[in-house]
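Now for the letters of each chain:
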Amino acid sequence: MPKIRLVGDSLTLLTYCLRGAAAWDNGQPVLASDVAFTLKLMQAPGLHNEGIRTQFSFIRELRADPNNARRFTLVCRGQASDFAHASGDFFILPEAALDARGTLRRYRLADLIDRPTNAAPDTVLAAIAQRYVAAAPGRHPERLPGCGPYRLVSWEKDHRLRFQRKPQWWADQLKSPPLVLQAHPQQIDFLVIPDGASAALALRRGEVDLYPEVPARDFNRLRRSAKAQQTLAFYITPSHNVVTAGFNTRRPALADRLTRQALALLFDVPALLAAAQQGLGQRTVGIISPNTDRNYADSLPLLSFAPNRAAALLQQAGWRQKAADPAAGWMRQGPGGEVQRLALQVRYRADETTFTTIGLQFRAAAARLGIAVELRPTEASAFLSTLKAGDFDLYIRLVRGNPYLFNFTSVLHSEAAGEDNLTGFGTPDSDRLVEALAVAQSPAIRGRLLRKLQVELREEMPLVPLFFQYNCLAANRRLRHLYPSSLRPGYAAAAITWAPQAILP
Amino acid sequence: MRRAPRFAFARGARAVAISWLTLVGALALLAPILPLPYPPAQPDLAHFSLPPFTAGSAHWLGTDPLGRDVLTELVFGARTALGLSVVATVLANALGALLGGAAGFWRNQLRLPLISSAGLFGLLWWALTLPGAGAGLVVAAVGLAGSWWASARRGPWLPVPLDAGVLGATALLGAVPRLVLVVVLAGSVALSPAGLLGVLVLTSWAGPARLVRAEMLRVGVQPFVAAARALGLPPGRVWWRHALPAACWPLRTAFPLGLAGLLGLESTLSFLGIGLPPEVPSWGQLLNTARLEPTAWWLVAGPGGLLLLTILALQALSSPSALGK
């Protein structure tokens, strides 16, 4: 972890020192200049890195230590308590391979961050971006030297990835490497099996040794099977993944909070948790996990299933049902005199049974009130782009959280509407809270702000957090040191070892 | 004398097939007023994957893994299957008969006034929503209105290679397996039931078109058609009133087969999770849920059995002996 120094009331200095042994595959050491290059590349125009750009824009400058090429200080704007954690959470890229002449060194990181989007094109930056895109490190990691313990030896798209342990890796020299620097298996194969039932079958047959994020139905079926119990071990950890419904607040019919509050009462969460998750989950009042006591707004009551109250709220929001023809649904007059009709199109990923169950339950509850709901399961590949395009009234999706990151700017701030802020929500109050949270100075302040944000979100109801899932993991009983955790992917692949065969009963 | 038992068997099979189809048709028609304990597409979250005839439960045929009542889904699924497939088959046969009949009657010798051709071209442009679709609509309106004027006078004529066009289109549709074509079409755009109907019709008209075209080649040279022409009747009227009804005769056999094919295709699509949204009950979707609960035999037996029997019945109807030939 870095050394932290606070300067005045608006700056944080984080001093890191890279390990002396850390080296790229070609033997060159990993240096502070590589970190500086990576941070600048994140902010370089012409690359599709909007998400990572906002995530790390708090790092304004990297001050290299003139006496030690591995030591550097990150100058961060603000004094958030999670800067120390967040600032070290990215992959370093080799400067020598992507920018051998050091052309990016002449730019200051802060200038790149503040560069207006309509600035004149810069040939140097464009050339760097082009070189990075051409290298395609995501698809061809072999083109760049890495500094990790494994190398990708084969990749069959949508089927299999094979990693092999490098014979010589710099961390092998360390005497007692920490968990993150352990790499035991000689080879790791990742199989892509999209269908849960097929994956469970492959696990039972011994074709795979570990299956993370097992759907609750398959997990319980495996747990109940006496035969599977002989060969498999089961782990459950709480996760930070919350199944959430979100309203498109840009639609006139959903622009007011009373309507959204009313519709939120049509989710029968306890029954859904029991049916779709077979009880493997936790109810919640907000997007913060109930297991984080300090941050969870426990003063808020859980949402109840109350269609009658929903109907009353709808009337309060100005919606009326024609007494003569209840089948015509709910209508009201908009501010411009136009007639609005309450009908919803619900989008969710087509391959998720849990979401289908939620959609059907919501539709049935809405139908009893006379609200027309159309379910639109959408292909996984097109799902996010459809939501970003705003082509939905209500979405149901899994929001993956991180217990260390509380910067919600990209997902909840009104300025991110149309990008990662899918609901398009944002009030001056909520924007202020989100901004304050990103730079909260202590866990206590952050907790207070998070609770306030949850209360605000409950009041405005752009999102309906339904329940947190558990991370269910099933693995061969001979596997040791899996370290099941609430963080993705839910286990430590490189730390796994095999127990001897003899210990099994 | 030796053929009598086979005829008797065929007549028996036909009677059984008709009875079965009548029963399924009646179920489909009466579905909304049948005293079913649960409405369709409504999950009972307290009872999911419930086996049939469980004591103390009103789900007589059990529930699927999403908690939907299997009996209700089967009954309303019959409505969806027959509604969609029958309408699609009728439309596909009608479209195929018109196109194939016209191609076989006029071959490549049809001449259209230039202005009518421009109108049709504009209509096609607008229907395909190509760039400048509004202008296409204007051209269509002007062209079709001008056709009245052009038919009265002699104008420039444009040859229309109707036969080559229809044959080319049927060959093109025949070159790609229908399931692949439908999956691509259904995957590229979000389909409503009406959209799915359109896709099914567009991919199914080629078979009837080929049949009617072939029959039209035979009918076109028959004495009654020649007599009608000799009487000086307009070619359009000869085609519509005399030739086409005779040329459509083979569709009597093809219709049940086409219906069976579309029934299977619609169920396959639902099984693959393409096409119909989950709130529309369908046999294919019910079959699909068996993947989630491999031990739930009732999710395979119910819709699978209904589908199998219905397709068999339709095939029995279309056999030549059943038609009395």
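In this numbering scheme, every chain counts its residues from 1 along its sequence in written order. Chain letters start at A and ligand numbers start at 1, both assigned in the order the entries are written. Residues qualify for local features only when their pLDDT is at least 70, as the model is predicted, and side-chain atom pairs are given and counted only at 80 or more; totals for whole chains, interfaces and linings, by contrast, use all residues. Computation of side-chain values: all heavy atoms of the structure, hydrogens and water removed.

The name an unreviewed UniProt entry assigns to chain B is ABC transporter permease, from the organism Hymenobacter nivis. Taken verbatim from the UniProt record of chain B, the Sequence similarities (unreviewed entry) comment is "Belongs to the binding-protein-dependent transport system permease family." UniProt positions are given in the numbering used here, feature names are shortened, and annotations may be inferred rather than shown by experiment. Listed in UniProt under the heading Subcellular location (unreviewed entry), the comment for chain B reads: "Cell membrane".

(A) Layout of the overall build of chain A. We count a stretch as a helix when DSSP gives it H or I for four or more residues in a row; a strand needs E for two or more, and each element gets its number in order from the N terminus. When helices and strands are counted, chain A shows 17 helices and 19 strands. With the radius of gyration taken over C-alpha atoms, the globule rule is written as 2.2 Å times the number of residues to the power 0.38. At 25 Å, chain A has a C-alpha radius of gyration in line with the 23 Å of a compact globule built from 505 residues. C-alpha extents for chain A along the principal axes are approximately 80 × 65 × 40 Å. The 505 residues of chain A split such that 48% are buried. Contacts are assigned to residue pairs with any non-hydrogen atoms lying within 4.5 Å of each other. Long-range contacts, defined as pairs at least 24 residues apart, comprise 68% of the intrachain contacts of chain A with a sequence gap of at least 6. Counting only carbon and sulfur atoms, one obtains 53% of the accessible surface of chain A, whose full area is about 24,700 Å². Residues scored as charged are limited to Lys and Arg (positive) and Asp and Glu (negative), so that His and the chain ends carry no count. Note that the charge is assigned to NZ on lysines, CZ on arginines, CG on aspartates and CD on glutamates. Positive and negative side-chain charges of chain A, numbering 61 and 44 respectively, have mean locations separated by a distance of 4 Å. Only protein chains enter the accessibility calculation, which uses a 1.4 Å probe; a residue is then buried when its area is under 20% of its type maximum, exposed when over 50%, and partly exposed in between. For the accessible areas, the method is Shrake-Rupley and the probe is 1.4 Å, while residue cover comes only from the protein chains on display.

(B) Fine view of the sheet that holds strand β3 (residues 59-65) of chain A. Residue and element names in this part refer to chain A. Only when DSSP finds a minimum of two bridges between them are two strands counted as paired. In spatial order, the strands read β1-β2-β4-β3; together these four strands make up an open sheet with antiparallel pairing. The outermost strands of the open sheet, each flanked by one partner alone, are β1 (3-7) and β3. Within the sheet, the average angular offset between the axes of one strand and its neighbour, ignoring direction, is 20°. Note: β1 against strand β2 (residues 11-17), five bridges, orientation antiparallel. Note on β2: the bridge partner recorded for V7 is L11. Working convention: axes come from line fits to C-alpha atoms, limited for helices to the stretch in contact. Angles between N-to-C directions cover 0 to 180 degrees.

(C) Quick peek at helix α13 (residues 353-369) of chain A. Residue and element names in this part refer to chain A. Helix span, expected: 1.5 Å multiplied by one less than the number of residues in the helix. With 17 residues, α13 should reach 24 Å at 1.5 Å per residue; the first-to-last C-alpha distance of 25 Å fits that figure. A large share of α13 lies buried, amounting to 13 of its 17 residues. Backbone geometry just after α13 places G370 at a positive phi near 90°.

(D) Layout of the pattern of salt bridges. Between Lys or Arg on one side and Asp or Glu on the other, a salt bridge is scored when a side-chain nitrogen of the former is within 4 Å of a carboxyl oxygen of the latter. Applying the stated criterion across every chain yields a total of 32 salt bridges over all chains. Two residues, K166 of chain A and D25 of chain A, come together in a salt bridge whose shortest N-O distance is 2.8 Å. Of this pair, K166 of chain A sits in the loop between β6 (160-165) and β7 (187-191) while D25 of chain A sits in the loop between β2 and α1 (32-43), and the two are 141 residues apart along the sequence. Its relative accessible area of 45% is what places D25 of chain A among the partly exposed residues. Several salt bridges converge on common partners, so that one network encompasses R217, D218 and R221 of chain A together with E293 of chain B.

(E) Spotlight on the environment of T54 of chain A. Residues and elements named next belong to chain A. Structurally, T54 is set in helix α2 (residues 50-55). For T54, a relative accessible area of 43% corresponds to the partly exposed category. A sequence separation of 122 residues divides T54 from S176, and the C-alpha atoms of the two residues are 36 Å apart.

(F) Representation of the packing of aromatic side chains within the structure. Each Phe, Tyr or Trp ring (for Trp, its six-membered ring) is paired with any other whose centre lies within 6.5 Å, and the angle between the two planes then decides the class: stacked below 30 degrees, edge-to-face above 60, tilted in between. A full pass over the atoms with the stated rule returns 14 aromatic pairs over all chains. Each ring, one from F58 of chain A and one from F83 of chain A, has its centre 4.3 Å from the other, and the planes form 10°; the classification is stacked. You can see F58 of chain A sitting in the loop between α2 and β3 and its partner F83 of chain A sitting in helix α3 (residues 83-86), a full 25 residues away along the chain. Across this residue pair, the class does not change: F58 of chain A and F83 of chain A are buried. Ring centres 5.0 Å apart and planes at 85° place the aromatic pair F105 of chain B and W106 of chain B in the edge-to-face group. Of the two residues examined, F105 of chain B and W106 of chain B, each falls in the buried class. Feature note: the residues F56, F58, F83 and F90 of chain A constitute an aromatic cluster, connected by ring pairs.

(G) A look at the state of the cysteines. Residues and elements named next belong to chain A. Only a pair of cysteine sulfur atoms within 2.5 Å qualifies as a disulfide here. Under the criterion given, the structure shown has zero disulfides over all chains. Summary of cysteine pairing: C17 is not part of a disulfide, and the nearest cysteine sulfur, belonging to C147, is at 15 Å. By relative accessible area, which is 47% here, C17 ends up partly exposed.

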